[in-house]
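# Survey of secondary and tertiary structure
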Amino acid sequence: MAVCPGDSLLLWFGLGPGSGAQCKNQWLPTGLRILSGSLCVTGPCLPTPGCQDHPQQPQPCQLDEPAPSSRELVCTVHFACQTLDVYFLPLVFLCRDCTLLLLWVCVLLRTSEPKASNASRPNILLILADDLGIGDIGCYGNDTLRTPNIDRLAEEGVRLTQHLAAAPLCTPSRAAFLTGRYALRSGMEESAGFRVLYWTAGSGGLPANETTFARILKQQGYATGLIGKWHQGLNCAARGDHCHHPLAHGFDYFYGMPFTLIPDCDPRRHSQMDVLAGSAVRHYVSALALGVLSLAAAQRCGLLSVPWRAVWGAAGLASLGLASWFFCYGFMRHWNCILMRNHEVTEQPMDLERTTGRMLQEAVAYIQRNKDRPFLLFVSLLHVHTPLPTTKAFLGRSRHGLYGDNVEEMDWLVGKILDALEENGLRNSTFTYFASDHGGSLGARDERQQLGGWNGIYRGGKGMGGWEGGIRVPGILRWPGVLPAGRVIQEPTSLMDVFPTVVQLGGGQVPQDRVIDGHSLLPLLRGAQEHSAHEFLFHYCGRALHAARWHQRDSGRVWKVHYVTPQFHPAGSGSCLNQHLCPCSGEGVIHHSPPLLFDLSRDPAEAQPLSPDSEPLYHAVIERVGEAVARHQETLSPVPQQLSLGNIMWKPWLQPCCGTFPFCWCQEEGDSSPQEPGL
């Protein structure tokens, strides 16, 4: 593109759309920079969807050196690259001062921007289940649970068979999902034995300097909404500062739980937090109380000369400890099980029987409100996390107890959200994604039944760093007319890939000032690339690297190396039934030297570890993966630990409250119960 001499202006613009026009296979600019004396193409270039022979990767626009000028006007034009046949015509205007003309051109271009923008950038619907096993869905092989809506989504789109969570637990997995980076990079991994956020009133959370896909899309003009679970922190230093809130990370609307479901949310169930932490508190308080009584008895009998002031001081400490334990754990439901709309607490504690209906109403209403503009809607489901709140319409319907009932209700909920797209004429203009944050929980059970999911043939489950059952999850994507229906991709992909994929769809750019571990899925989904962009993936349990995988593209083999594995209890159970989660380090893990090696392309269940005798490439593979691990760890930098004891502990001054603390009780009005599903 030549630079105009003198004060002339060279203006190129597109004419269209063409009726039934043939795709030109061109890479089209998303922006124009118009200068007095020249014009340059700026911004990222996007492929024309539907073209089968476009380059596999976006190429940078060729920029000419602009003519020196003190007058620079910037116009942003979004072309409808999906359906337009675009022609570029040069117009040369000769003038002594082009400022007025440039301003008028900018106004004309801006008037056509909204329509073109909507046509070229899809709406984006992300649906993420909680604790769902890959074996719980019909399209992944389950023929005993009914999931017709999710199965239909797979039939109309692309199904990923080796889709991997970046962590086997919700807080780190979701941090990686939102940012496209391993959770270690943001400090959202285990510290001091704490692997997730335990309180709404803790001070840890996703740091403000992390960039989410919502923040980038909001900058690109998208409406950005989050309905459901957050679990990435809330406050930092004071109640209401909301430094970790979804609205501080790019979402312009939030309705849901700032925390996560826990058994305490159901008043009919035993407190999980009481079991995990309250027992330790009771132990110390009991020991202190026993010591106080012993001191008092010794003083009374004259066996010890202890001032009564010291006895009463110790008694005061014991009473204070008991009161603290009761105030924290006795009111767990009020502190953690709350609903918020944007910055306001709307229900405390939440009514589980009405939560499903409320989430659905909010999701459908968000779609209706934003149907005339591009939107990102992240539906972060509360299903199928314990305590498995299930409405009466679904209780007893499945063949697998309460967990199965909850799965089938989740599928119904997904179907209703998809119906909302259809009813608002948005089906073909919406990129839809469905997945789970990690594998199903094998240790979730009560005295009567299993309350966790099924991970199919894959070994391990939730919380187990390297085993496939904890990290291999469903992955389904649909974009009618752009992505081929019914396609199955067996290449390794990651939840971290959603970040660059969504950013590219929205016309943004991934940050260049940090490591992004995800890769855009679009070339793979469209068939422009045969193999995944991931050659190596690393599987952490907390901050400990438990395993790594190597996708040997030339042979098609996928190698998995385990350096550390959890020690199952009882032996052979495939889980750690003596505790809530398998540990990541310490006495509860096994360090393997030499490492365990599996060929997942032949043994996806990780049933038969290879040895130098059974696999000639054993030493070469171990060495190659070890080199990749070393290179990867060189990219890690020290960051503040968000899950440290100081950040995890409950702080009353950070507690969200819909009243005057500690009198935090409020309830939303209206009936939100789902109607009879008619299955």
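The rules behind these values
- Residues numbered from 1 in each chain as written.
- Predicted model: local features only at pLDDT ≥ 70, side-chain atom pairs only at ≥ 80, totals over all residues.
- Heavy atoms only, no water.
- Axes fitted to C-alpha atoms, helices over the stretch in contact; angles between N-to-C directions.
- Helix = DSSP H or I, 4+ residues; strand = E, 2+ residues; numbered from the N terminus.
- Parallel < 35°, antiparallel > 145°, perpendicular 65-115°, else oblique.
- Contact = heavy atoms within 4.5 Å.
- Nonpolar A, V, L, I, M, F, W, Y, C, P; charged D, E, K, R; others polar.
- Left-handed = near helix turned anticlockwise from the far one by under 90°.
- Phe/Tyr/Trp six-rings, centres within 6.5 Å; stacked < 30°, edge-to-face > 60°.
- Buried < 20%, exposed > 50% of the residue type's maximum accessible area, 1.4 Å probe, protein only.
- Lys NZ or Arg CZ within 6 Å of the ring centre and 35° of its normal.
- Pairing = 2+ DSSP bridges.

We now examine the packing of helix H3 (residues 148-155) against helix H10 (residues 401-423). Packing of H3 against H10 leaves a shortest axis separation of 7 Å and a crossing angle of 50 degrees. Here H3 is positioned oblique relative to H10, judged by the angle of their axes. Contact residues: H3 offers Pro148, Asn149, Ile150, Arg152 and Leu153, while H10 offers Met410, Asp411, Trp412, Val414, Gly415, Leu418 and Asp419. Residues of the contact of H3 with H10, tallied by class, amount to seven nonpolar, two polar and three charged.

What follows covers the packing of helix H9 (residues 352-369) against H10. When two helices pack together, you describe them by how their axes are tilted relative to each other and by the distance separating the axes. Between H9 and H10, the shortest axis-to-axis distance is 9 Å and the interhelical angle comes to 20 degrees. Between H9 and H10, the interaxial angle falls into the category roughly parallel. Crossing angle aside, the handedness with which H9 passes H10 is right-handed. Note on element contacts: H10 touches H9 through Glu409, Trp412, Leu413, Lys416, Ile417, Ala420 and Leu421, opposite Thr356, Leu360, Ala363, Val364 and Ile367.

All right, on to the packing of aromatic side chains then. Under the counting rule described, the total for this entry stands at 18 aromatic pairs. An angle of 90 degrees between the planes, with centres 6.3 Å apart, marks the rings of Tyr366 and Phe375 as edge-to-face. As far as the burial class goes, Tyr366 and Phe375 line up, both buried. The ring of Tyr253 has Arg369 lying over it, and the distance from NZ or CZ to the ring centre is 4.9 Å. Just above the ring of Trp467 sits the side chain of Arg459; from NZ or CZ to the centre is 4.1 Å.

The buried fraction of strand S12 (residues 375-380) amounts to six of the six residues, a majority that puts the element mostly inside the structure. Judged by which residues are buried, S12 turns out to be covered on both faces: Phe375, Leu377 and Val379 on one side and Leu376, Phe378 and Ser380 on the other are all buried. As judged from the five bridges shared by strand S6 (residues 123-129) and S12, these two strands associate in the parallel manner. Paired with Leu126 across the two strands is Phe378, which belongs to S12. Where strand S8 (residues 223-229) and S12 come together, six bridges link them in parallel fashion. Within the sheet, the bridge partner assigned to Gly228 lies in S12 and is Ser380.

Okay, the sheet that holds strand S19 (residues 557-566) next. Spatially, S17-S18-S19-S20 is the arrangement adopted by the four strands of the open sheet, whose pairing is antiparallel. Each edge of the open sheet is held by one strand with a lone partner, namely strand S17 (536-541) and strand S20 (589-599). Strand-to-strand twist across the sheet, computed as the mean angle between neighbouring axes with direction ignored, equals 15 degrees. In this sheet, S19 lies alongside strand S18 (residues 544-552) in antiparallel orientation, the contact comprising six bridges. By the bridge assignment for S19, Gln552 is matched with Arg557. Along the sheet, helix H14 (residues 618-634) makes contact with S17, S18, S19 and S20, crossing S17 at roughly 75 degrees.

Moving on, we come to the environment of Ala165. Mapping Ala165 onto the fold places it in the loop between strand S7 (158-164) and helix H4 (170-179). Among residues more than four places away in sequence, those in contact with Ala165 are Ser173, Asp437, His438, Ile471, Val473 and Leu495.

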